[in-house]
Amino acid sequence: FVLHYQPKVQLPTENIIGVEALVRWLHPKEGLLGPNMFIDIVEQSMFVHEFTRYVLLQAIIQCRSWLDNGIEVSIAVNISPYNLMDPELVDSLSTQLKFYDVPAALIEIELTESASMVNIKKTQEVFSQLKKLGVKLSIDDFGTGMSSLAYIKQLDVDYIKIDRSFITDVATDTRDEAVITSLLVLCQKLKKSTIAEGVETIEQANKLMSLGCNLAQGYLYSKPLPVEEVTKLLSKK
Ligand code: C2E
Ligand code: CA
Ligand code: CA
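Everything numeric in this text was worked out from a predicted model, so none of it was measured.

(A) Representation of the overall build of the chain in the model. Looking only at helices and strands, one finds 9 helices and 9 strands in the chain. By the compact-globule yardstick of 18 Å for 237 residues, the chain fits well, its C-alpha radius of gyration being 17 Å. For the chain, the C-alpha atoms occupy an extent of roughly 45 × 40 × 35 Å along the three principal directions. For the chain, with 237 residues in total, the buried portion stands at 46%.

Shown next as structure tokens:
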């Protein structure tokens, strides 16, 4: 398994404020496979905890290596809902952060909205332990789950990532614009930052900025890149 990294940028400067680690499988015969080809199998296997701890460890090692080269950038890691049941997740993360002397605030954990709702109590419990450690928390794919808006206030997270499905037509569909506008106001009042996912066009970016969204991620800025290529981008910062 190797990690590719996709930048998250500030608008309108397009300065990189962090990267998201996205796993790929270097398959001996099939070549590089995206997570949709294998993540379900991993999640249903006994290795799901080990897998996520491995991804987190790789992210921490990468953070250390970047810090050694004068690059300070946060790395977001996706976790599975099953990982909330891993009794060693928080301790192992804490141990690795100390071992590699990486500030916890440089690691971010992303959990999808739907996953966070499976067992709200458990999510809150693990999130509060992670928060104590100092890592940042994000709710991923927001808007695709079945949670009520009242639910966001119960989650002590730093970022809300607005799902790509709302971004696709934001420049042309006033209904998407309305949904995003109300989400932005809500998040602002609750003091959470919002990140627009899957921004592909200038038109989408301009519309998002006009609505007050100033963090974005998507092919318009960069695809997920192998470590050498993303390091080049980060060195230019
Ligand atoms: P995600 O967390 O929502 O990640 C964003 C996905 O959208 C990535 O796909 C990314 O390549 C893609 N994307 C980014 N910008 C654009 C854009 O402008 N347009 C379009 N069409 N797509 C864009 P990817 O890398 O195939 O990952 C798919 C999903 O696999 C991720 O969705 C995440 O849920 C999961 N995943 C990835 N890495 C991990 C991991 O280490 N652990 C776990 N548990 N899940 C992972
Ligand atoms: Ca994600
Ligand atoms: Ca997402």
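That was the structure; now back to the text.
(B) Expanded view of the coordination of the calcium ion (ligand 3). Only Asp 140 (OD), Asp 141 (OD), Glu 197 (OE) and Glu 197 (OE) from the protein reach the calcium ion (ligand 3) as donors, at distances of 2.1 to 2.5 Å. Positions of the donor residues of the calcium ion (ligand 3), expressed as sequence spacing, correspond to D-D-x55-E. In this structure, the calcium ion (ligand 3) lies 4.1 Å away from the calcium ion (ligand 2), the two metals sharing Asp 140 as a donor.

(C) Highlighting the side chain of His 4. Inspection of the secondary structure assignment puts His 4 in strand β1 (residues 2-10). Judged by its relative accessible area of 11%, His 4 is buried. Apart from residues lying up to four places away in sequence, His 4 is in contact with Glu 20, Ala 21, Leu 22, Arg 24, Leu 32, Pro 224, Leu 225 and Pro 226.

(D) Quick look at the coordination of the calcium ion (ligand 2). At 2.1 to 2.3 Å from the calcium ion (ligand 2) lie its protein donor atoms, namely Glu 20 (OE), Asn 78 (OD1), Glu 110 (OE) and Asp 140 (OD). Judged by relative accessible area, Glu 20 falls into the buried class, the value being 5%. Residue classification places Asp 140 among the buried positions, given a relative accessible area of 5%.

(E) Fine view of the site of ligand 1. Of all residues adjacent to ligand 1, which total 23 residues, the nearest are Gln 6, Arg 24, Asp 140, Glu 200 and Tyr 219. Within the backbone of Tyr 219, a nitrogen or oxygen atom sits 2.8 Å from an oxygen atom of ligand 1. When the free accessible area of ligand 1 is taken as 810 Å², the share hidden by the protein chains comes to 81%. Its atoms largely coinciding with the cavity grid, ligand 1 occupies the largest pocket. Those elements that place two or more of their residues in the shell around ligand 1 are β2 (16-27), α1 (39-43), α2 (48-68) and β6 (136-142). If one sorts the elements of the shell around ligand 1 by residue count, β2 sits on top with 4 residues.

(F) View of the pattern of salt bridges. In total, this model carries 13 salt bridges according to the counting rule given. One salt bridge in this structure joins Lys 161 and Glu 20, with 2.9 Å as the shortest N-O distance. Remark: Glu 20 occurs in strand β2 and Lys 161 occurs in strand β7 (residues 159-162); sequence separation between them is 141 residues. Here Lys 161 matches Glu 20 in class, with each residue buried. Residues Arg 53 and Glu 88 are paired through a salt bridge, measuring 3.8 Å at the closest nitrogen-oxygen approach. Taken together, the residues span a long stretch of sequence, with Arg 53 in helix α2 and Glu 88 in the loop between β4 (74-78) and α3 (89-99) at a distance of 35 residues. For Arg 53, a relative accessible area of 25% gives the class partly exposed. Sharing partners across several salt bridges, the network here consists of Lys 8, Glu 20, Glu 108, Glu 110, Lys 161 and Glu 197.

(G) Structural detail: the pairing of β1. For β1, the tally of buried residues reaches 7 of 9 residues, placing the bulk of the element in the interior. Sheet topology places β1 next to β2; 8 bridges connect them, and they run antiparallel. Within β2, the residue paired with Leu 3 across the bridge is Val 23. Counting the residues between successive antiparallel strands, the hairpin from β1 to β2 contains 5 residues, one of them, Glu 14, with a positive phi of roughly 65°. Where β1 meets strand β9 (residues 215-216), 2 bridges bridge the pair, whose relative direction is antiparallel. Along β9, the bridge assignment pairs Gln 10 with Leu 215.

Basis of the calculations
- Residues numbered from 1 in each chain as written.
- Chains lettered and ligands numbered in written order.
- Predicted model: local features only at pLDDT ≥ 70, side-chain atom pairs only at ≥ 80, totals over all residues.
- Heavy atoms only, no water.
- Helix = DSSP H or I, 4+ residues; strand = E, 2+ residues; numbered from the N terminus.
- Rg over C-alpha atoms; globule rule 2.2 N^0.38 Å.
- Buried < 20%, exposed > 50% of the residue type's maximum accessible area, 1.4 Å probe, protein only.
- Donors = N, O, S within 2.8 Å, 3.2 Å for Na, K, Ca; no water.
- Contact = heavy atoms within 4.5 Å.
- Near = heavy atom within 4 Å.
- Polar contact = N/O pair within 3.5 Å; in protein donor to acceptor, adjacent residues only side chain to side chain.
- Areas by Shrake-Rupley, 256 points an atom, 1.4 Å probe, with all protein chains shown as cover.
- 1 Å grid on protein atoms, 1.4 Å probe; cavity = no way out; pocket = protein on both sides within 12 Å on 5 of 7 lines; lining within 4 Å.
- Sits in = over half its atoms within 2 Å of the grid points.
- Salt bridge = Lys/Arg side-chain N within 4 Å of Asp/Glu carboxyl O.
- Pairing = 2+ DSSP bridges.

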